[in-house]
Amino acid sequence: MEQTEDTNFVKDILQSITKARKTLRMYPPNNPMYIKTLEETYNKFKEFFEYKEDLSFRIGQDSIYFDSEEIYHKAEKEDNLALFFFKDGLRELTFKKGLSQEELEGFLKIITMDFEKEAEDEDVVTLLWQRDFQNINYIVDDTVLLDVEGEDYELKAVNEAKQAVSDIEGLLKAYDEEFKEEDVKEVPIISFTDKDLTSLMKELEDDAESKIDKLSDILFEILYRAEELGGILEDIFRFLKDTIKFSISYGDFKAVIQLINRAKGFIEDPYSTDEIKKYMKLLLIYPSSDEIINLFGEVLDRPIKIDDNDIKEFIKLLDKRAITPLINVLGELKTFRVREKVVEALIYLGKQDIKTLAMNINDLRWYVVRSIISIIRKIGDKRANEYLLKSIKHGDIRVRKEVIKGISELGGEESLPQLKERLDDVDAGVRIEAVRAIGNIGSIKAKNIILEKISDKSFKERDFEEKKEFFRVLSRWNNDPEIFDFLTKTLKKGSFLWWSKNYEEKACAVLCLGLIGNKEALPLLYKHKDSGNKLLDELTQTAIRRIERGS
Amino acid sequence: MVREDKKEIQKISAEIINQTSIILKTALIHESTNIALRKAIEKLISLLNPLIETEKGVTFELIGEFFYVNNIRVRYALEYLLNFDFLTKEFRKRGLGSVIFNNPINPEDIQMFIKAFITSGLSEDPYDKMLEMMDNSQNIKIDRLKKIIEDRLKKVGESDDIDTRRIIKKTYFNAVSFTKGVMKKIRSGERADMKKAKRIVESMVDQLLEDEHLLLSLTALKDYDEYTYHHMVNVSVLSMALGLRLGLNRMALTELGLAALFHDIGKIQIPNEVLNKPTSFTDDEWKMIKKHPIWGVKAILGFGRFGSATIRSVIVSFEHHMNCDLSGYPQVKKYSGLDLYSRIIALADQYDAMTSSRVYSRTPIPPDKTLSIMMEQAGTKLDSLLYKFFINMVGIFPVGTIVMLNTREIGLVYEGNMAFADRPKVLIVIDEKGKSVRGPIVNLSEKNENGKYIRSIMKTLDPEKYKINLAEYFL
Ligand SMILES: [Fe+2]
Ligand SMILES: [Fe+2]
């Protein structure tokens, strides 16, 4: 291949790399675009290596060179690949024939990384060093690590060190003196035993364990001496908070539990100063903060194994401040198993402060509201009803239904006006939940509300299923003569009208009579058994059978 | 950076040497028909033959304390240490230097080798006996152990060697200069750059992996004005070299090296006049100095992002003067034992501090005396197991020790010897006629034709008394 052809090819490869740098930033690794870009770039390398052993890029501040020819230049600092390498001291980058696609992907991942977020304490060179790619070599200039005056340090220090002149004369004198005494010492030779090696292996194994407990031990030791050290308390408090944050982010709940317990010890310790106690009390509520609870949610969602018991114990450290952030977490969680954990936590905390929990029903996300209501129902605290009622007109049908379900369990008479309103909700499902809830309250007022609705002229317009539900609810007043009366009247009423809507109400009345099971209704039912209306006849027969068998 | 095939060869070679050692050990106690022995031989062949084929012949050579395969030095994992030691000693005993495989081998070849090896061990002239017994072998040849004058020079061209030294010096002084900059920055309320600190330590790790002796020898020099910074780097180098012996990987070595580099960072709270004063500290000054482990915790947590490297550094800063028996400072109330890294760094710290006149004591103690003082503390203040590895690393006569040899020569210990801690390489500064010279560098593990050591150390001299400036020889 010609020189220029070569250069053009390499230029193309580099363009491929810059393109891949953009694409890989945008797509996750399983995305077809990601895979396609990676493969294309790799194929270009492979093609190049068919006739060359390696490919070296020389890095300048704004340019990249191949064979002393500039193949990349960018004047602006932004998104400048040359500068990206150059600023960390990278001066040459060589890819070798054995380059695998995995290695190329690893390399591309490094250069697409958002260093501000993902690798605060590493630069490009460190990441390359850590990965130790077999087929990607590099040359760096370490002077970028030093400030200007630092660069001359070697010369200065060496000159200083060499200034003292060795006293060879003195040594020659020693030559005569010391050889007279023939005091040769036997030095013990140290040899390793198998036992040494086993204990070393164990040391290394033990060393792999988490260092967080040790760190908090140290911080607490410093706390004991805070007074003597002066002005360090605030720092230690901050470090303890950081320790908690760090532990949570690694799912190490045990460490947090232990740390908080030690903090409690300081609060109880009569020798602790008020200042220390103040900070330790602040530390105690830190796990309940937004920051920690959000992290808690994130960690739970990650595929790492965390002991259920540790989570339980951690939850016990929380107080009501955690309720709202926990509810937010609940809205973000992806895995079902984890939702359960958070729900458990909320049940635990909600028992202590039902008000804060219930106030969150205003959340706009229906699934969150549904969870809160199911939590409230599990706790069964009647005080929550007040907040349920406030959300009964929530814009989401699903929320309205859940709220009504909650009210039906926790509420009483006071909920009737709002429930009654819901009987005219635009959604049939909500209306059905409302009538059921009213039935559940079961008072005379409740009964009258339903009767009133059924008697209303517009009731006829409702769906048959909905009507049935109203009548089904009525059957809970099974010993109430007024209801019995109402039903029989409905059945008798206007039987000369032959339109089907009328039959629907009769059918509902029949259904209800069947459910009530009063034998006195039998004669009337027999009378309607062969009305000629298929629906009515069928339901009547069922009701008759039910009453006769049931008693 | 090491080539992949080179790494692969090193790995297989380490296994081959290990397996050879196992076979010879087994053969010493079992008949040649023993099943275990036959199995072991089969395994050796399965490792060897592919290598012989791909490399078109393989030569194992013992040079100094290392085995080389086709001129590549074999590095080995910790679990091989005892077997490597055994083989090195047995080779030396026989004056055996190389084993050469030109063609793929079969079990009979190995059996012949074993027989020759064992029989020669009892002979007056073991090498000749072995050569005679191996005469018929087509596939395995042997060669005599070579006298080494300066084996590193043999392996690497002279200019390469000077280059390597230059790069290593650069790495070392960069680290010191960087540390100085970090201390200055923190003193003026700026943040230290963790990214750069990592880079500095990583390049030291690279040098140690390439050749630990060179970087280690630089820690022997103590005559710098700003010793505090040199001390921090020396402790880092000594700790990582020890970590390397213990089998830590590159990432772990980096964390260890970082923690060591920052171990005295708390000294930023102590005025320079106190740190560098030529006289002893007053009680008040001591009180202040004893707080530096705690100030270190504050400093590190102040500039490091909360992560594994930071946490390890904090622990080391706090614990490095505590002693294993918690008799040191800071005093603690409720505490479990010291972290592994703290125990490693405490050894390196004590060693470097005691051998210099600038850290705590104003009179330096010669390296070998320092080691014996430390030996007394092993098991109480210092970790006894780690001490064993430490002395094995720096040698009984560490680099920089002035030694008198039984040949009436005086020299400076120039490079440690991993296999024979008492037989380092020595730079001769006064020859047997009492004349001041500069070299040669001699290897004390060298033997004459009768199997006797050519040179041995008689005693060490106090460098203070004779005012030898190591910088003249080492820089
Ligand atoms: Fe210290
Ligand atoms: Fe120190």
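Residues numbered from 1 in each chain as written. Chains lettered and ligands numbered in written order. Predicted model: local features only at pLDDT ≥ 70, side-chain atom pairs only at ≥ 80, totals over all residues. Heavy atoms only, no water.

**Student:** I keep staring at the overall build of chain B and nothing clicks. Help me out?
**Tutor:** Scanning chain B for helices and strands turns up 20 helices and ten strands. Here the C-alpha radius of gyration of chain B, 25 Å, is about what a compact globule of 475 residues would show, namely 23 Å. Viewed in the frame of its principal axes, chain B has a C-alpha envelope of about 80 × 55 × 40 Å. Partitioning the intrachain contacts of chain B with sequence separation of at least 6 by distance along the chain shows that 68% fall at a separation of at least 24. For chain B, the accessible area works out to roughly 18600 Å², and carbon and sulfur atoms hold 51% of it. Taking the 68 positively charged and 61 negatively charged side chains of chain B as two groups, their mean positions are separated by 4 Å. (Helix = DSSP H or I, 4+ residues; strand = E, 2+ residues; numbered from the N terminus. Rg over C-alpha atoms; globule rule 2.2 N^0.38 Å. Contact = heavy atoms within 4.5 Å. Areas by Shrake-Rupley, 256 points an atom, 1.4 Å probe, with all protein chains shown as cover. Lys, Arg positive; Asp, Glu negative; His and termini not counted. Charge placed at Lys NZ, Arg CZ, Asp CG, Glu CD.)

**Student:** I tried to follow helix α15 (residues 308-319) of chain B on my own but got confused; where do I start?
**Tutor:** Counting along an α-helix, one turn takes 3.6 residues, and residues three or four places apart therefore face a common direction. Residues and elements named next belong to chain B. Helix length check: α15 (twelve residues) gives 17 Å between terminal C-alpha atoms against 16 Å at 1.5 Å per residue, within 8%. In terms of burial, α15 is largely enclosed, as eleven of its twelve residues are buried. Considered for burial, the residues of α15 that qualify are A309, T310, I311, R312, S313, V314, I315, V316, S317, F318 and E319. (Expected span 1.5 Å × (residues − 1). Buried < 20%, exposed > 50% of the residue type's maximum accessible area, 1.4 Å probe, protein only.)

**Student:** Whenever I open this one, the domain arrangement of chain B confuses me. Can you help?
**Tutor:** It is common to give the size of an interface as the accessible area that goes away when the parts come together. All names here are of chain B. Structurally, chain B comprises domain 1 (3-144), domain 2 (158-394) and domain 3 (402-474). A straight line from the C-alpha centre of domain 1 to that of domain 2 covers 40 Å. The interface of domain 1 with domain 2 comprises five residues on the first partner and eight residues on the second. Summed over both partners, the interface of domain 1 with domain 2 comes to about 420 Å²; 39% of that surface belongs to carbon and sulfur atoms. If you look at where domain 1 meets domain 2, you find zero salt bridges. Taken together, the links from domain 1 to domain 2 amount to zero residue pairs in polar contact (both at pLDDT 80 or more). Residue composition of the side of domain 1 that touches domain 2, grouped by class: two nonpolar, no polar and three charged. (Domains from an automatic or database assignment. Buried area = accessible area lost by both parts, 1.4 Å probe. Salt bridge = Lys/Arg side-chain N within 4 Å of Asp/Glu carboxyl O. Polar contact = N/O pair within 3.5 Å; in protein donor to acceptor, adjacent residues only side chain to side chain. Nonpolar A, V, L, I, M, F, W, Y, C, P; charged D, E, K, R; others polar.)

**Student:** Which parts of the structure should I look at to understand the domain arrangement of chain A?
**Tutor:** Domain assignment breaks chain A into domain 1 (3-148), domain 2 (151-288) and domain 3 (458-551). The distance between the C-alpha centroids of domain 1 of chain A and domain 3 of chain A comes to 82 Å.

**Student:** Looking at this structure, I do not really get the interface of chain A and chain B. What am I missing?
**Tutor:** Of the residues lining the interface, 89 residues belong to chain A; the matching set on chain B comes to 103 residues. In total, chain A and chain B occlude about 8900 Å² of area from one another, counting both sides; carbon and sulfur atoms represent 62% of this. We note a salt bridge from E122 of chain A to K198 of chain B, for which the minimum N-O separation is 2.7 Å. Seen at the junction of chain A and chain B, the total is 18 residue pairs in polar contact (both at pLDDT 80 or more). Looking at the side of chain A that touches chain B, the elements with two or more residues in it are α6 (124-131), β5 (136-140), α7 (153-163), α8 (168-178), α9 (194-207), α10 (212-224), α11 (226-229) and α12 (233-249) of chain A.

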